[in-house]
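Here is how the chains run, residue by residue.
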Amino acid sequence: MTNPIYDVTRNSDVIMLVGTNPEEAHPVFGMQIRAAVERGTKLIVVDPRDIGLAARADIHLKLRPGTNVAFANGMVHILIERGLIDRDFIDRYTEGFDALAAMVASYTPARVAEICRIPEDDLIAAALLYGQADRAPILYCLGVTEHSTGTDGVMSLSNIAMVCGKIGRAGCGVNPIRGQNNVQGACDMGALPTDFTGYQKVENPDVLRKFEQAWGVSLNPKVGTKATECFPKMIEGEIRGLFICGEDPVRTDPDTHHVIKALSSLEFLVVDDLFMTETAKYADVVLPGRSYAEKEGTFSNTERRVQRVRKAVEVSGDTRLDTDIFIDIMNLMGYEQPRLTAAQIMDEIASLTPSFAGISHARLDSAEIAGRGLQWPCTAPDHPGTPILHVGGFARGKGGYSLAEYRPSVELPDDEFPLMLSTGRILYQYNACALTDKTAGLNEIASESFIEINDADAARLGIADGDRVKVSSRRGSIESTARVSGKTNEGETWMPFHFQDGNSNWLTNAALDGVAKAPEYKVCAVSVEKA
Amino acid sequence: MLNVTIDGRAISVREGTTILGAARQAGVSIPTLCYLKHVSNIGSCRVCAIEVEGRSELVTACNTPVAEGMVVTTDSERVRSSRKTALELILARHGLDSTNYCFSCVKNGACELQTVCREQGVVESPYYVAQPRKAVLDSNPFLRFDPNLCIACQRCVGACNRAARNHTLHTSKRGVRTAIEAPFGENWRATDCENCGNCAQACPTGAITEKRRASYREWETRKVQTTCPHCAVGCQLNLVVKDNRIVDTEGVAGPSNHSMLCVKGRSASFDFVHSPERLRTPLIKNKQTGEFEEASWDEALHYVASNFTRIKQQVGPDALAAFACSRSTNEDVYMLQKMARCAFGTNNVDNCARV
């Protein structure tokens, strides 16, 4: 996020949520949005479903899944037409505005309303509400990114904030609400095929030299393959050995048949995990690691805030610290890596990463920080951290606009598979349930797969609320239970991806975004019939 | 800034500061019961009532703002007497003899009513209030409400309505008849309760509790502050540990959660740690049978290293790849990518951010 949670929920006049359901996926953030709305902050919800917050929204744009880029371009069109743009900000901090204005010229409210299947007046009202507000953050989540056009979607949302000058100041910004507890940190720490820690590029020879010197080894200068693109390479035999730490792609990646085929094609698969996951079953070696409660360390939350994780217990059995596992393998493969504590590892990270230079366990535990964590960039031991990004301009010079046009999703409904399927999270479980399904009370509340289907579609198909149904796509077929309501639009269905008794990922499409290579979980075509 | 004198100590405080806030700044302790920062300041318990020069009645410190030149007395005979009476009235309705004697109550040692009464020297109540036993609501999987122990302080109401803003827990009736309507009875599934348990954390007595509290006594535990392992809000919580086992959690006032937690953070962030399903030894798959067999770390890690080294030498480093976990720590992720780059020799390293 460019801005902290406290800031966007306490200092804003209007909040615009796009493709995010924080009450269920980020509940404590959701609570604070509810509080903001009750204190008088206006709310715009852009989401294909009647999520809980839609009922509290001033405007709900219940748009067709996969049409975010059209929505965003339409917003910019209206903002320009109504003179709600910030000329001074545009001139001082951005470049390429004229090209943007020319691109969005064809995104008239009438055209966008037709693409998104929303009332034209509501779109205009949303643009006016956002544009006329002094302070308005955009908050988005996987409903924007999990599309074949996900990167375009993110950049198009940034266009809205940039033309209005609603970035780099309090109560504003473009704010991705990150999914998992440390997905921000996993990216920050260089678990990316193109980047070392702190987004230092593998392709930059100076960066490569710096890491070669620090690590005392000659490094591979060729950028790596993104995880989602590794699977086809496994089938082709290009990737033969894989180490997976705590991830369960058999349950969480799209197109399960394809994932299993890929993992089965490997010569050697190692899984380091807490449990015998569906993925671990395909491994040659399974290594028992340790959970967050058994180790020292840090997580970076969605605000870029680095906070401490502390060891509370030891569990019985022959488990091992994950860092020690990696260190042992390094040494056995011929790279001399001394054994380090988590605090020493953070010191090494800080020494190699300008944006983390001021972060250490000692400082995070100090009276100075008083349990508030540090938000990167934190460039020196006396640097207070950076709550709001892009204050006084963009880090990399003038901000550029995205000129992305709307492109339909890769797989749209047709005669054979006439309904659109979107997937997401519910409050009571988390992802593949690996951690949450060990709590009996949660399973008592929610433990079974279901599919939300619109009343009109259900009536046509002879399906009643609570019926068992067979859901099929080009890639597979599962059974689930129908929940019939008006929560989704006609022609659209939705499933949580948590439950193995009817896992939506047998159905979802592995069509990838051109840049981020994120799969199109949010749109595929299915048919539904009574089971 | 406003000037105020509290028990003879002169200080300056920001406009809008309550007398309670000013007293805390001055290092003067005023007992409270129904007050909870950011959650409730209704001033109903009267335990924080103090004297203000020039005012005939006592005023509640938790919700009275400081005025310029105010002179406050927190420890006079009149204040002590009023405080004692307030506690005796509360204690008379607490149902000490109905369902749960102090020594068997799950909140024994963590009960704020117990603590305040002990500090103020109140051991019993001279008042008698007829206490018909009321039914305990405990159908919810996590939460229970024992109305017999409720002192109607309404902190739970503040937690549900002012903090979590879920609006499923309310009061009914008014004045001394005020009763809490908690959604934990037989129809709990039909309510909008999100089971976040912020009400239980706010309750000063044993009236609303997480059921698992029955598995430990306050003095048997130690607390370790950490960061929630589920979503990316980064809520701060204490893991409550008894005998090397996590038995409960509590929300801590972190910058992103302000003491609140959700159902997953509060109730699902520790069972998995101690799950019998945990892997507890390295496993190597027997190629003949396809079954996993237990192995030593030495055996398993040599097997891993030799196979990765073989593939690296035969096909090249880019025939290897490693996926990091977005649920694990920064330090874990850093060492994993270092292993991929320095030992495997490849940049084929990624995390689950894309999926």
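Here is what the cut-offs are and how they apply
- Residues numbered from 1 in each chain as written.
- Chains lettered and ligands numbered in written order.
- Predicted model: local features only at pLDDT ≥ 70, side-chain atom pairs only at ≥ 80, totals over all residues.
- Helix = DSSP H or I, 4+ residues; strand = E, 2+ residues; numbered from the N terminus.
- Rg over C-alpha atoms; globule rule 2.2 N^0.38 Å.
- Buried ≥ 20, exposed ≤ 12 C-beta atoms within 10 Å, placed from the backbone.
- Contact = placed C-beta atoms within 7 Å.
- Pairing = 2+ DSSP bridges.
- Core = buried A, V, L, I, M, F, W, Y, C linked by C-beta atoms within 7 Å.
- Nonpolar A, V, L, I, M, F, W, Y, C, P; charged D, E, K, R; others polar.
- Domains from an automatic or database assignment.
- Axes fitted to C-alpha atoms, helices over the stretch in contact; angles between N-to-C directions.
- Parallel < 35°, antiparallel > 145°, perpendicular 65-115°, else oblique.

This brings us to the overall build of chain A. Along its length, chain A carries 20 helices and 21 strands. Taking 2.2 N^0.38 as the reference for a compact globule, 531 residues should give roughly 24 Å; the C-alpha atoms of chain A span a radius of gyration of 24 Å, in line with that estimate. Dimensions along the principal axes, computed over C-alpha positions, put chain A at roughly 65 × 60 × 45 Å. Within chain A, the fraction of its 531 residues that count as buried is 57%. Within chain A, contacts between residues at least 6 apart in sequence are counted, and of these 69% link residues at least 24 apart.

As a further point, take the overall build of chain B. The helix and strand inventory of chain B stands at eight helices and 16 strands. Here the C-alpha atoms of chain B give a radius of gyration of 28 Å, more than 25% beyond the 20 Å that 2.2 N^0.38 yields for 355 residues. Across its three principal axes, chain B shows a C-alpha extent of roughly 90 × 50 × 35 Å. Out of the 355 residues belonging to chain B, those deemed buried represent 52%. A separation of at least 24 residues holds for 58% of the contacts in chain B among residues at least 6 apart in sequence.

For the rest of this paragraph, the subject is unusual backbone geometry. Glycine aside, the phi torsion of most residues is negative, and most peptide linkages are trans. A:Trp376 connects to A:Pro377 through a cis peptide bond whose omega is 0°. Following the sequence through the fold, A:Pro377 ends up in the loop between β12 (374–375) and β13 (399–400). A positive phi angle is found at B:His258, which is not glycine, with a value near 50°. Checked against the element boundaries, B:His258 lands in the loop between β12 (245–251) and α6 (263–267). One non-glycine residue with positive phi stands out, namely B:Ser259, at about 75°. Assignment of secondary structure puts B:Ser259 in the loop between β12 and α6.

Here we come to the pairing of strand β18 (residues 492–496) of chain A. All names here are of chain A. With five of five residues buried, β18 lies mostly within the body of the structure. Where burial is concerned, the two faces of β18 agree: the one with Glu492, Trp494 and Pro496 and the one with Thr493 and Met495 are both buried. Summarising the sheet, strand β14 (residues 419–424) and β18 pair through five bridges and their orientation is parallel. The residue bridging methionine 420 from the neighbouring strand is glutamate 492, located in β18. Note: strand β15 (residues 450–454) against β18, two bridges, orientation antiparallel. Its bridge partner being in β18, glutamate 452 is matched across the sheet by tryptophan 494.

This brings us to the nonpolar core. Soluble, globular proteins show a tendency: their nonpolar side chains are buried together. By size, the foremost hydrophobic cluster in this structure holds 234 residues, and its most contacted members are A:Ile44 and B:Met339. Of all the elements, helix α8 (residues 330–344) of chain B adds the most residues to this core, at nine residues. Apart from the residues lying within four places of it in its own chain, the contact partners of B:Met339 are A:Phe326, A:Ile329, A:Met330, B:Ala322 and B:Phe344.

This part is about the interface of chain B and chain A. Listed as interface residues are 99 residues of chain B and, on the opposing side, 123 residues of chain A. Per-class residue counts for the side of chain B that touches chain A are 56 nonpolar, 27 polar and 16 charged. With four bridges joining them, strand β7 (residues 241–245) of chain A and strand β15 (residues 320–324) of chain B adopt parallel strand pairing. Its bridge partner being in β15(B), A:Phe243 is matched across the sheet by B:Ala322.

Further remarks concern the domain arrangement of chain A. Each assigned domain of chain A is listed here: domain 1 (5–177), domain 2 (183–375) and domain 3 (419–530). In this structure, domain 1 of chain A and domain 2 of chain A have C-alpha centres spaced 34 Å apart.

A separate point is the sheet that holds β14(A). Residue and element names in this part refer to chain A. If you trace the six strands once around the closed barrel, you get β14-β18-β15-β17-β16-β21, paired in mixed fashion. Neighbour-to-neighbour, the strand axes of this sheet turn through a mean angle of 45°, independent of strand direction. Where strand β16 (residues 468–473) lies against strand β17 (residues 476–485), six bridges are found, and the strand directions are antiparallel. When the bridges of β17 are listed, valine 469 appears paired with serine 480.

Attention now moves to the domain arrangement of chain B. The parts lose accessible area when they come together, and the size of an interface is often stated as this lost area. Under the domain assignment, chain B is made up of domain 1 (2–75), domain 2 (96–112 + 119–215), domain 3 (220–277) and domain 4 (283–354). The straight-line distance from the C-alpha centre of domain 3 of chain B to that of domain 4 of chain B is 30 Å.

Closest axis-to-axis distance for the helix α16 (residues 322–332) of chain A/α8(B) pair is 9 Å, and the angle between their directions is 10°. Comparing the axis directions of α16(A) and α8(B) gives the class roughly parallel. Residues A:Asp322, A:Thr323, A:Phe326, A:Ile327, A:Ile329 and A:Met330 of α16(A) form the contact with α8(B), whose own contacting residues are B:Glu331, B:Asp332, B:Met335, B:Leu336, B:Met339, B:Cys342 and B:Ala343. A class-by-class count of the residues in the contact of α16(A) with α8(B) yields nine nonpolar, one polar and three charged.

Let us look at the pairing of strand β3 (residues 49–52) of chain B. Relative to strand β4 (residues 59–60) of chain B, β3(B) runs antiparallel, the two being bridged by two bridges. Paired with B:Ile50 across the two strands is B:Val59, which belongs to β4(B).

By the element assignment, A:Lys295 lies in the loop between β9 (285–288) and β10 (297–300). Looking at A:Lys295, the number of C-beta atoms within 10 Å reads 20, which means it is buried. Once the C-alpha coordinates of A:Lys295 and A:Lys311 are considered, the two residues, 16 residues apart in sequence, prove to be 4.4 Å apart. Not counting residues up to four positions away in its chain, the partners in contact with A:Lys295 are A:Arg290, A:Val309, A:Lys311, A:Leu321, A:Ala342 and B:Thr329.

Bringing the sheet that holds strand β1 (residues 14–18) of chain A into the picture now. Residue and element names in this part refer to chain A. Within the open sheet, the five strands sit side by side as β3-β2-β1-β5-β6. Their pairing is parallel. Among the strands making up the open sheet, the edge pair consists of β3 (59–61) and β6 (174–176). With direction set aside, neighbouring strand axes in the sheet form an average angle of 15°. Relative to strand β5 (residues 138–140), β1 runs parallel, the two sharing three bridges. Of the residues in β5, the one forming a bridge with leucine 17 is leucine 139. Of the strands in this sheet, β1, β2 (42–46) and β3 are in contact with helix α8 (residues 120–132), which crosses β3 at around 125°.

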